[in-house]
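Structural features, examined
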There are 2 protein chains.
Amino acid sequence: MAEKVTSLQVAERAGVSQSAVSRVFTPGASVSQKTVDKVRKAAEELGYRPNVLARAMVSGKSRIIGLVVAYLDNYFYPETLEILSNALQEQGYHVLVFMTSHTAGPIDDVVQEILDYQVDGIVTASVAMSSKLSQKCIQANVPVVHFNRFEKTQGVSSVTSDNFAGGRELAQFLVAGGHQKIAYIAGWEGASTQRDREAGFRAGLAELGQSLFARSCGEFDTDHARAAAHAMFNVAADKRPDAVFVANDHMAFAVMDELRFCLDLKIPEDVSVVGFDDVPPAAWRAYDLTTMRQRANLMVAETVDALLAHIEDPANAAPRQVSISAPLIVRGSARLPANWPPQEG
Amino acid sequence: MAEKVTSLQVAERAGVSQSAVSRVFTPGASVSQKTVDKVRKAAEELGYRPNVLARAMVSGKSRIIGLVVAYLDNYFYPETLEILSNALQEQGYHVLVFMTSHTAGPIDDVVQEILDYQVDGIVTASVAMSSKLSQKCIQANVPVVHFNRFEKTQGVSSVTSDNFAGGRELAQFLVAGGHQKIAYIAGWEGASTQRDREAGFRAGLAELGQSLFARSCGEFDTDHARAAAHAMFNVAADKRPDAVFVANDHMAFAVMDELRFCLDLKIPEDVSVVGFDDVPPAAWRAYDLTTMRQRANLMVAETVDALLAHIEDPANAAPRQVSISAPLIVRGSARLPANWPPQEG
DNA sequence: GTGAAAGCGCTAACAC
DNA sequence: GTGTTAGCGCTTTCAC
């Protein structure tokens, strides 16, 4: 077991002071080329690399971003994590993962743990955080961004899709498709994504003289969604919706399976189904789901931007509320409007 | 912006020494109840929490485990990450994520970065690591476990399913189902999972007097798999395989979609499809895939166990090669053998 | 441009 | 059981 190589050892070998070594490994420091060469050579030979933790202690910057996430079974989140991690890595940051237990977790405890690691920032995905805790982060000068969730907590940033506009566009699409009995299967009522999507959807219907034909709650959970769909569609044909917007793709797949394999309904002939997220399986032929695309790459870019802005200049970085437009992705799970695609101009 | 609360401040407020404070927050230390009370009270009032990084510096233990992963689009990995993160959290550890870029990444650089964080251990998933680098980790006394990949690199642990046995069981199942023209769509040839699954599958066929009717490589990539399936099945009916084992579920879904929607084949009437992993979508009715279950929970438990064993007693923790049996999950994508399920005894 | 010296916040001997 | 004293490996003034 090799000893740990320290900057001091490198210094001795290179015949310079320890601080010279430090300077060589500090981007903006002033060192002569000669010193750089000597130090680099010695470091190479010894296999020296700066200890990030020690650097973090003295500089106060850990270059660690804490990510709080409740579950990974909605594939929007793994996708997000991959993009986020890559984006941060490019900036020299890394993601420390904190799962809040499925069981209505003590998320505040988790955030406390995060803070203990002296993270430079926190991203929360699919979880709520008490405003007391948010205050604590602000006090500690650790920027927080809520990803895919809007929260009006003071001082906290958020990045979401434009869920209201998305819901509205879906309503327009379904009505244009000639549907008359349009239903909605909701997500967990506490989530802003759920609220905004539904509000937009209802608004869109109302603008076109319709309203929800049926509504049920799937809690963003496949089993709940399946049951909700069963109850909603297992009725006489004339009392059955002819289209349904399911609040996210993950539930939509379960709903489609239930409709097809349990209720023997054809999609989209008997009923149109649309979702929200555009996770990868939505493009799989077995589902071929018409849905709103959450542009994870853009959302992550905004998230990273908000974080870094605050880290680099805490004083002048106001919290931001970013909303990214979500394009409609038309596939085969919903009947197309006549004259589709629409003519430009 | 609140100042950072240090143990010294707590000490002053509690009227004790700074080391007394430290002891109160150190599990096995000897402190009187009276001191504990005073310190806890002062800490509470100040909102003090020990700085994990400072602790890490002096103790040499960061309680961070580095996870290297190449991609998250095979849903086996998000599942793994969730379980791993939860399991480690319970032990007071956390996961620092490192993505190696899709593009045949410089994984060695990534591991170097990990080492810079003074991690207590490293888990690699779906990536290979040069043996030179492995040596470096061993030298640094950082245990490494290869998750879902067997590598005979010295000093490195690995945890995998029993891929050979799994492949063999699949062969037996397919032959028992009356198949005569059995094909295989391989994963990336460099992966041990691919090699072992194929070897087991071939062995199983050979034992029953059969051999591969066709073989093609899907590279563990859906597009490649789709193309491979197309070429393999887009032939006269009598030259077409009647069953295919696709090296993982992720590719199997793409293959099923191709067979059904492009080639208009019925599953399992025209062709049986089996996969490996049992990721969540395998249970979705649209796929209903017969597959071998990789028991992620057990695999993770072994991973954590191997890591902690080494961390707690580096001298006596030999690297281990763990292989977890994978149960066959029979669903509807493959024709059942006669007299299924088999009688016990 | 470079070295000496002072910590970052904490744990771990070491005396008492 | 408690306080005192050294550092952990590094960055960062500060003189020179």
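Definitions and limits used
Residues numbered from 1 in each chain as written. Chains lettered and ligands numbered in written order. Predicted model: local features only at pLDDT ≥ 70, side-chain atom pairs only at ≥ 80, totals over all residues. Heavy atoms only, no water. Pairing = 2+ DSSP bridges. Helix = DSSP H or I, 4+ residues; strand = E, 2+ residues; numbered from the N terminus. Contact = heavy atoms within 4.5 Å. Axes fitted to C-alpha atoms, helices over the stretch in contact; angles between N-to-C directions. Domains from an automatic or database assignment. Near = heavy atom within 4 Å. Polar contact = N/O pair within 3.5 Å; in protein donor to acceptor, adjacent residues only side chain to side chain. Salt bridge = Lys/Arg side-chain N within 4 Å of Asp/Glu carboxyl O. Nonpolar A, V, L, I, M, F, W, Y, C, P; charged D, E, K, R; others polar. Expected span 1.5 Å × (residues − 1). Buried < 20%, exposed > 50% of the residue type's maximum accessible area, 1.4 Å probe, protein only. Least-squares fit on C-alpha atoms with pLDDT ≥ 70 in both.

Looking at an unreviewed UniProt entry, one finds chain A named Cryptic asc operon repressor and attributed to Shimia marina.

Moving on to the sheet that holds strand β10 (residues 290-293) of chain A. Hydrogen bonds between backbone groups are what pair the strands of a sheet, and the pairing can be parallel or antiparallel. Residues and elements named next belong to chain A. Spatial ordering of the open sheet is given by β7-β6-β8-β9-β10-β12, a layout of 6 strands whose pairing is mixed. Edge strands, defined here as strands with exactly one partner in the open sheet, are β7 (214-217) and β12 (328-329). Inspection of the sheet shows strand β8 (residues 243-246) paired to strand β9 (residues 272-277) by 3 bridges, in the parallel sense. Within the sheet, the bridge partner assigned to A243 lies in β9 and is S272. Here helix α8 (residues 163-176) sits on the sheet and contacts β6 (182-186), β8, β9, β10 and β12; the angle it forms with β9, its principal contact strand, is near 165°.

We now examine the domain arrangement of chain A. Parsing chain A into structural domains produces domain 1 (7-50), domain 2 (62-162 + 295-326) and domain 3 (163-293). For domain 1 of chain A and domain 3 of chain A, the distance between their C-alpha centroids amounts to 62 Å.

Our focus in this paragraph is the protein's contact with DNA strand D. As a matter of local geometry, DNA strand D sits amid 24 residues, with S7 and S22 of chain A together with S19, R23 and T35 of chain B nearest to it. Restricting attention to atoms of DNA strand D within 4 Å of the protein, one finds that 57% of them are sugar or phosphate atoms. At 3.1 Å from a phosphate oxygen of DNA strand D is found a main-chain nitrogen or oxygen belonging to N51 of chain A. One nitrogen or oxygen atom from the side chain of T35 of chain B is found 2.3 Å from a phosphate oxygen belonging to DNA strand D. Breaking the surface near DNA strand D down by element, the ones donating at least two residues are α2 (18-24) and α4 (52-59) of chain A together with α2 (18-24) and α4 (52-59) of chain B. The leading source of residues in the surface near DNA strand D is α2 of chain A, at 4 residues.

This paragraph deals with the side chain of T153 of chain B. Within the secondary structure layout, T153 of chain B lies in the loop between β4 (144-147) and β5 (157-161). When near neighbours in sequence (up to four residues on either side) are disregarded, T153 of chain B contacts S131 and S134 of chain B.

Much of the literature gives interface size as the accessible area that the parts lose upon coming together. Contacts between chain B and chain A engage 52 residues on the former and 53 residues on the latter. Note that D116 of chain B and R49 of chain A form a salt bridge whose closest N and O atoms lie 2.5 Å from each other. Run the count over chain B and chain A and you get 18 residue pairs in polar contact (both at pLDDT 80 or more). Counted by class, the side of chain B that touches chain A contains 28 nonpolar, 14 polar and 10 charged residues. Here strand β2 (residues 94-99) of chain A runs beside strand β2 (residues 94-99) of chain B; their pairing, made up of 3 bridges, is antiparallel. Note on β2 of chain B: the bridge partner recorded for L96 of chain A is L96 of chain B.

This paragraph deals with helix α9 (residues 192-207) of chain A. Residues and elements named next belong to chain A. Counted at 1.5 Å a residue, the expected span for α9 with its 16 residues is 22 Å, and the 22 Å between its end C-alpha atoms agrees. Within the sequence span of α9, burial applies to S192, T193, Q194, R197, E198, G200, F201, G204 and L205. Those residues of α9 that are buried are in contact with α8, β6, β7, β8 and β9. At the C-terminal side of α9, G209 shows a positive phi close to 80°.

Below, the discussion takes up the relation of the copies chain B and chain A. Once chain B has been moved 0.0 Å along the axis and rotated by 180°, it coincides with chain A to within an RMSD of 0.1 Å. In symmetry terms, the pair is related by a two-fold rotation axis. Taking C-alpha positions as the reference, the residue of chain B nearest the rotation axis is L96 of chain B, at 2.2 Å. A high fraction, 100%, of the interface residues of chain B reappear at the interface in chain A, so the copies pair face to face through one surface.

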